[in-house]
Amino acid sequence: MQANIVTLPGDYIGPEIIAQAVKVLEKVAEKYGHTFRFDERRLGGASIDAFGVPLTDETLAACNAADAVLMGSVGGPKWDGVEPARRPEKGLLALRKGMQVFANLRPCTIHPQLAGACPLRPDIIAEPIDIMILRELTGDIYFGKRWRSEDRSAATDEMAYSAMEVERLARIGFEMAMKRNKKLCSVDKANVLECSRLWRETVQKLSAEYPEVEVTYMYVDNAAMQLILRPSQFDVMITGNLFGDILSDESAAIAGSLGMMPSASLGSTTRGLYEPIHGSAPDIAGRDIANPLGTILSGALLLRHSLGLEQEAKAIEAAVSAVLDEGYRTGDIWSEGMTKVGCTQMGDLVAARI
Ligand code: IPM
Ligand code: MG
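Keep in mind the model is a prediction, meaning the values are calculated, not measured.

**Here's the deal with the sheet that holds strand 11 (residues 262-266)**
Line of reasoning, step 1. Read from one edge to the other, the open sheet built from ten strands follows the order 2-1-3-12-11-4-5-10-8-9, with strand pairing classed as mixed. Both outer strands of the open sheet, strand 2 (35-40) and strand 9 (214-219), are each paired with one neighbouring strand and no more. Sheet twist, expressed as the mean angle between neighbouring strand axes with direction ignored, is 25 degrees.
Line of reasoning, step 2. Bridge analysis of strand 8 (residues 183-188) against strand 10 (residues 236-239) gives four bridges, and the strand direction is parallel. For valine 187, the partnering residue across the bridge sits in strand 10 and is threonine 239.
Line of reasoning, step 3. Seen against the sheet, helix 5 (residues 163-179) touches strand 4 (103-109), strand 5 (130-136), strand 8, strand 9 and strand 10 and runs at an angle of roughly 165 degrees to strand 5.
Line of reasoning, step 4. The sheet strands contacting helix 7 (residues 220-229) are strand 5, strand 8, strand 9 and strand 10, and the helix crosses strand 9 at an angle near 105 degrees.

Here it is in structure tokens:
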């Protein structure tokens with residue numbers, strides 16, 4: 001097949017990790033007889049430096065014309081002084097909104113080879129952990145009205161959701177649960193927030209259409225606790241943008257390293273935005289030591305969800321697993337007795353096993 005993929009390396013370690021994912025995807029194309037055309041564009045700080053804004057209309061249009069978009073990471077100290085409306089992160093948020101990718105899939109599984117990196121007690125992770133965190137991505141307090149008093153001494157951020165936004169996200173959650181273990185946990189703060197009460201009512205209504213799915217409702221504070229006490233109880237977890245941001249970092253810590261975690265953001269078409277969930281890691285940028293596996297695994301999700309290439313997606317996942325089995329580790333996941341490798345070398349190792 002032929003596919004057009006826009007790449008957005010972004011800032012700091014972004015270009016290093018994207019180069020590895022592109023290398024692996026090119027190997028997949030060669031091996032399975034596909035043609036992937038890569039169109040590299042700027043996002044975040046890189047776009048501010050070149051064009052004065054974190055996302056240009058032209059870049060957004062290119063993303064919306066592509067089959068899929070692969071992003072590295074944005075932001076960092078270089079742009080900390082930039083006014084809030086033009087910060088690098090604004091570019092990412094505008095991209096998510098502009099591509100209407102409202103459903104962010106953040107899978108959490110523990111690679112058995114990295115079980116030692118999980119901070120939880122062995123008896124807690126003895127039962128298999130396979131959680132799909134489904135985070136709403138284009139609403140909530142991220143996109144509500146903001147206000148700051150003239151004397152700068154008071155501020156407000158508005159949390160807003162409509163039933164339509166909740167329903168379309170929850171529906172994807174129910175559909176996923178049907179294909180997995182038929183369990184769905186909806187996370188909110190309905191004991192305090194009106195948005196959360198709307199969220200819960202909407203999920204409750206929709207659940208009637210999925211009688212086979214066992215639904216539970218959890219307050220976010222309890223969910224944060226349950227995730228570390230008994231992570232194996234979760235299958236699909238659906239939640240709003242802010243709670244999902246927080247819980248997915250917690251789940252990444254459970255998995256052993258933020259550097260390993262891929263994500264997919266989807267809307268109502270197959271076009272998706274794929275990115276590792278970690279940030280731009282300014283402290284290690286330019287030293288070729290970043291972990292590219294989260295980005296490489298995001299490439300696998302891209303093949304699966306946007307291009308329908310399941311076999312090829314599995315080939316990437318198996319290659320990553322093989323490299324870990326052979327004991328290769330970047331610094332963030334390294335432990336005694338393992339072979340430490342850099343970012344480029346890790347990319348080469350994975351590509352060679354496709
Ligand atoms: C994430 C990040 C972003 C978010 C930042 C960079 C805006 O933390 O993708 O989880 O909050 O969504
Ligand atoms: Mg985050």
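We are not done yet, so read on.
**Focus on the pairing of strand 10**
Line of reasoning, step 1. Residues Val236 and Ile238 line one face of strand 10 and the alternating positions Met237 and Thr239 line the opposite face, and both faces are buried.
Line of reasoning, step 2. In this sheet, strand 10 lies alongside strand 5 in parallel orientation, the contact comprising four bridges. Residue arginine 135 lies in a different strand from strand 10, and its bridge partner there is threonine 239.

**A few points about helix 5**
Line of reasoning, step 1. Across its 17 residues, helix 5 extends 24 Å between first and last C-alpha, which sits within 8% of the 24 Å expected from 1.5 Å per residue.
Line of reasoning, step 2. Of the positions making up helix 5, those classed as buried are Glu165, Val166, Leu169, Ala170, Gly173, Phe174, Met176 and Ala177. The arc enclosing the buried residues of helix 5, seen along the axis, measures out at 160 degrees, which places them on a common side. Exposed residues on helix 5 whose side chains face more than 90 degrees from its buried face are Met164 and Lys179.

**Section: the domain arrangement of the chain**
Line of reasoning, step 1. Here the chain is described as being made up of domain 1 (1-101 + 268-354) and domain 2 (119-255).
Line of reasoning, step 2. Between domain 1 and domain 2, the C-alpha centre-to-centre distance is 25 Å.
Line of reasoning, step 3. Contacts between the two partners involve six residues from domain 1 and, on the opposite side, nine residues from domain 2.
Line of reasoning, step 4. For the pair domain 1 and domain 2, the summed buried surface comes to about 700 Å²; carbon and sulfur atoms form 64% of the total.
Line of reasoning, step 5. In this assembly, domain 1 and domain 2 are joined by zero salt bridges.
Line of reasoning, step 6. Counting every contact that joins domain 1 to domain 2 gives one residue pair in polar contact (both at pLDDT 80 or more).
Line of reasoning, step 7. Grouping the constituent residues of the side of domain 1 that touches domain 2 by class yields three nonpolar, no polar and three charged.

**Some remarks on the pattern of salt bridges**
Line of reasoning, step 1. Counted by the stated rule, this structure contains 24 salt bridges.
Line of reasoning, step 2. Among the salt bridges present, the one from aspartate 39 reaches arginine 41, with a minimum N-O distance of 3.1 Å.
Line of reasoning, step 3. Close ionic contact of aspartate 188 with arginine 200 constitutes a salt bridge, the shortest N to O distance being 2.8 Å. With a gap of twelve residues between them, aspartate 188 in strand 8 and arginine 200 in helix 6 (residues 194-207) connect regions that are remote in the sequence. In this pair, the class of aspartate 188 matches that of arginine 200, namely buried.
Line of reasoning, step 4. Each of the salt bridges in this network shares a partner with another, and the network as a whole consists of Arg304, Glu310, Lys314 and Glu317.

**Quick word on the pairing of strand 8**
Line of reasoning, step 1. Strand 8 sits mainly inside the fold: five of its six residues count as buried.
Line of reasoning, step 2. Where strand 8 meets strand 9, six bridges bridge the pair, whose relative direction is parallel. Bridge pairing in strand 9 links cysteine 185 to threonine 216.
Line of reasoning, step 3. Note that the unit made of strand 8, helix 6 and strand 9 has a crossover that is right-handed.

**Focus: the packing of aromatic side chains**
Working definition: an aromatic ring pair is given by the centre-to-centre distance plus the angle between the planes.
Line of reasoning, step 1. According to the stated counting rule, one finds three aromatic pairs in the structure shown.
Line of reasoning, step 2. Of note, arginine 135 hangs over the ring of tyrosine 142, and the distance from its end group to the ring centre comes to 5.3 Å.
Line of reasoning, step 3. The residue whose ring lies beneath arginine 168 is phenylalanine 102, and the NZ or CZ to ring-centre distance is 4.1 Å.

Thresholds applied
Residues numbered from 1 in each chain as written. Chains lettered and ligands numbered in written order. Predicted model: local features only at pLDDT ≥ 70, side-chain atom pairs only at ≥ 80, totals over all residues. Heavy atoms only, no water. Pairing = 2+ DSSP bridges. Helix = DSSP H or I, 4+ residues; strand = E, 2+ residues; numbered from the N terminus. Axes fitted to C-alpha atoms, helices over the stretch in contact; angles between N-to-C directions. Contact = heavy atoms within 4.5 Å. Buried < 20%, exposed > 50% of the residue type's maximum accessible area, 1.4 Å probe, protein only. Expected span 1.5 Å × (residues − 1). Arc of directions from axis to C-beta. Domains from an automatic or database assignment. Buried area = accessible area lost by both parts, 1.4 Å probe. Salt bridge = Lys/Arg side-chain N within 4 Å of Asp/Glu carboxyl O. Polar contact = N/O pair within 3.5 Å; in protein donor to acceptor, adjacent residues only side chain to side chain. Nonpolar A, V, L, I, M, F, W, Y, C, P; charged D, E, K, R; others polar. Right-handed = clockwise from strand over helix to strand, strands pointing away. Phe/Tyr/Trp six-rings, centres within 6.5 Å; stacked < 30°, edge-to-face > 60°. Lys NZ or Arg CZ within 6 Å of the ring centre and 35° of its normal.

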